[in-house]
Amino acid sequence: MKYTIQSRNDELSNRLMDEAIDYLNGFGLVYNEDEPDVVLSIGGDGTLLHAFHKYSHRLKETAFVGIHTGHLGFYADWKPSEIEKLVISIARKEFDVIEYPLLDVAINYRSNKESSHYLALNESSVKSPEVTLVMDVELNGNHFERFRGDGLCMSTPSGSTAYSKALGGALVHPSLPSMQLTEMASINNRVFRTVGSPLILPAHHKCVLKPVKGPDFMVTVDHLQLLHKDVKSIEYIVSKEKVRFARFRPFPFWRRVRDSFIESNGRNISG
Ligand code: NAP
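Not measured: the values here are computed from a predicted model.

J.: Break down the packing of aromatic side chains for me, citing the residues and quoting the values.
T.: Per the stated rule, a full pass over the model turns up ten aromatic pairs. Feature note: the residues Phe52, Phe64, Tyr75, Tyr100 and Phe245 constitute an aromatic cluster, connected by ring pairs. Of note, lysine 165 hangs over the ring of phenylalanine 261, and the distance from its end group to the ring centre comes to 4.3 Å. The residue whose ring lies beneath arginine 249 is tryptophan 78, and the NZ or CZ to ring-centre distance is 4.0 Å.

J.: Lay out the domain arrangement of the protein chain with the relevant residues and their values.
T.: Taken domain by domain, the protein chain comprises domain 1 (2–95 + 248–261) and domain 2 (102–240). The partner domain 2 presents 18 residues to the 13 residues of domain 1 that form the contact. The contact between domain 1 and domain 2 buries some 1300 Å² in all, and 78% of this surface belongs to carbon and sulfur atoms. Looking only at domain 1, the three residues that lose the most surface to domain 2 are His53, Tyr75 and Phe253, adding up to 41% of its buried area. Our enumeration of links across domain 1 and domain 2 arrives at zero salt bridges. Where domain 1 packs against domain 2, one counts four residue pairs in polar contact (both at pLDDT 80 or more). Looking at side-chain class alone, the side of domain 1 that touches domain 2 contains ten nonpolar, three polar and no charged residues.

J.: Can you break down the pairing of strand 14 (residues 217–221) residue by residue, with the values?
T.: Counting buried residues along strand 14, four of its five residues qualify, which places the element largely inside the surrounding structure. Pairing geometry for strand 8 (residues 123–127) and strand 14, over four bridges, is antiparallel. Across the sheet, residue serine 125 finds its bridge partner in strand 14, namely threonine 220. Relative to strand 15 (residues 224–228), strand 14 is paired through five bridges, and the arrangement is antiparallel. Pairing of phenylalanine 217 across the sheet is with histidine 228, part of strand 15. Following strand 14, the chain reverses through two residues before pairing antiparallel with strand 15; aspartate 222 in that reversal takes a positive phi of roughly 55°.

J.: Any details on the nonpolar core? Residues and values, ideally.
T.: Formed by 26 residues in total, the largest nonpolar core has its most connected members in Cys207, Leu209, Ile234 and Tyr236. At the level of elements, strand 6 (96–109), strand 9 (133–139), strand 10 (142–155), strand 11 (178–186), strand 12 (199–202), strand 13 (206–211), strand 14 and strand 16 (231–247) are the ones that each hand at least two residues to this core. With residues near it in sequence (within four places) discarded, tyrosine 236 still touches Leu103, Asp104, Val105, Ser124, Ser125, Val126, Met154, Met179, His205, Lys206, Cys207 and Leu209. Among the nonpolar cores identified, the runner-up in size contains 20 residues, and Met17, Val38, Val65 and Ile90 belong to it.

The rules behind each value
Residues numbered from 1 in each chain as written. Predicted model: local features only at pLDDT ≥ 70, side-chain atom pairs only at ≥ 80, totals over all residues. Heavy atoms only, no water. Phe/Tyr/Trp six-rings, centres within 6.5 Å; stacked < 30°, edge-to-face > 60°. Lys NZ or Arg CZ within 6 Å of the ring centre and 35° of its normal. Domains from an automatic or database assignment. Contact = heavy atoms within 4.5 Å. Buried area = accessible area lost by both parts, 1.4 Å probe. Salt bridge = Lys/Arg side-chain N within 4 Å of Asp/Glu carboxyl O. Polar contact = N/O pair within 3.5 Å; in protein donor to acceptor, adjacent residues only side chain to side chain. Nonpolar A, V, L, I, M, F, W, Y, C, P; charged D, E, K, R; others polar. Buried < 20%, exposed > 50% of the residue type's maximum accessible area, 1.4 Å probe, protein only. Helix = DSSP H or I, 4+ residues; strand = E, 2+ residues; numbered from the N terminus. Pairing = 2+ DSSP bridges. Core = buried A, V, L, I, M, F, W, Y, C linked by side-chain atoms within 4.5 Å.

Listed below in C-alpha cells is the structure:
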C-alpha cells in the first residue's frame, strides 16, 4: 500500500510525521507522494483541506485520515497518542471507507474564457470586492430572489460545522447528499427582501447566482480565495464525486459535534 503525509509543518506535526513514516515503512508500506492510497493529514481540519485539494484529481483512489495536533477536528479526529494503533490498522488494512458529499462549483465568464471548475470539501462563498453584493439567485432555472448584502455561502454537509455554522446555517449530517445556501448580512427592508433562512438543497437541484451589479467577485473554495473578473454566473450542484475517509473505529458525527461545540469529554490531545 502507498501512503503520503501532509503536515501542518509545526514542530509537533513534523515530529509525528517522522514517527508515522518510521512505523509505516517498518510495516512495508511505501511512501509515494504522487499516487497514495492513503493520505495521512497531521495538523487540523485546515491541513486536511490542503491535503484534499492536493489530491482532488484522484479521489476515487485515495482515502484520507486526519490526526489532530491542536483541538479535536471534524476531519482530523485522531489523537497523536493513538498514532501507533492507527498505523497498525492502516498496515493491516483494518478500516472501512466512508464517503462524504462534495460541492461542484462552476464559474462562467461573459467573455469567451473557459469556465472555471472547482470541488469544495467545506464550502464556496461569494463576495463583492468593493460594493454590496447584488446577485439574482436562481433555483432549478427559476428566479428565487434578488440578494443584496455582504455575500452568499454554499456549504457541503461536512462544511456545515465550519463557516456555514458561523453564518447561522444548520448542521447537516454528511450522509445527506445536499448543499446549504446561507446569507451574509442581507439587506432586508420594505424595498429589498430575501428569504432570510438558510436553504438546504437536495442532490438533484441546481443553484445559479447571476450578478446584477459589478462583474468582479471574490470567490472562495475552502481555504482558496480568488478574484474572478467578468463573471456571468456561478453554478452550484452537489458533485457526483465524493471524498473518502478511512474509518478505523466508530466516531459518529453528532458525537464529534458535541465534543467540539458543547463538551469535549476529555478528547483533547493529551486526553
Ligand atoms: P483558518 O482561518 O486557518 O481556519 C478556520 C477554522 O475553521 C480553523 O479553526 C479550522 O480548524 C476550522 N475548520 C475547517 N474546516 C472545518 C470543518 N469542516 N468543521 C469545523 N471547523 C472547521 O482557515 P483554513 O485553515 O484555511 O480553513 C479554511 C476554512 O475556514 C474555510 O473552509 C471555512 O470553512 C473556514 N472559515 C470559517 C470562518 C468562520 O467560522 N467565521 C470564516 C472564514 C473561513 P483547524 O483549526 O482544525 O484547522
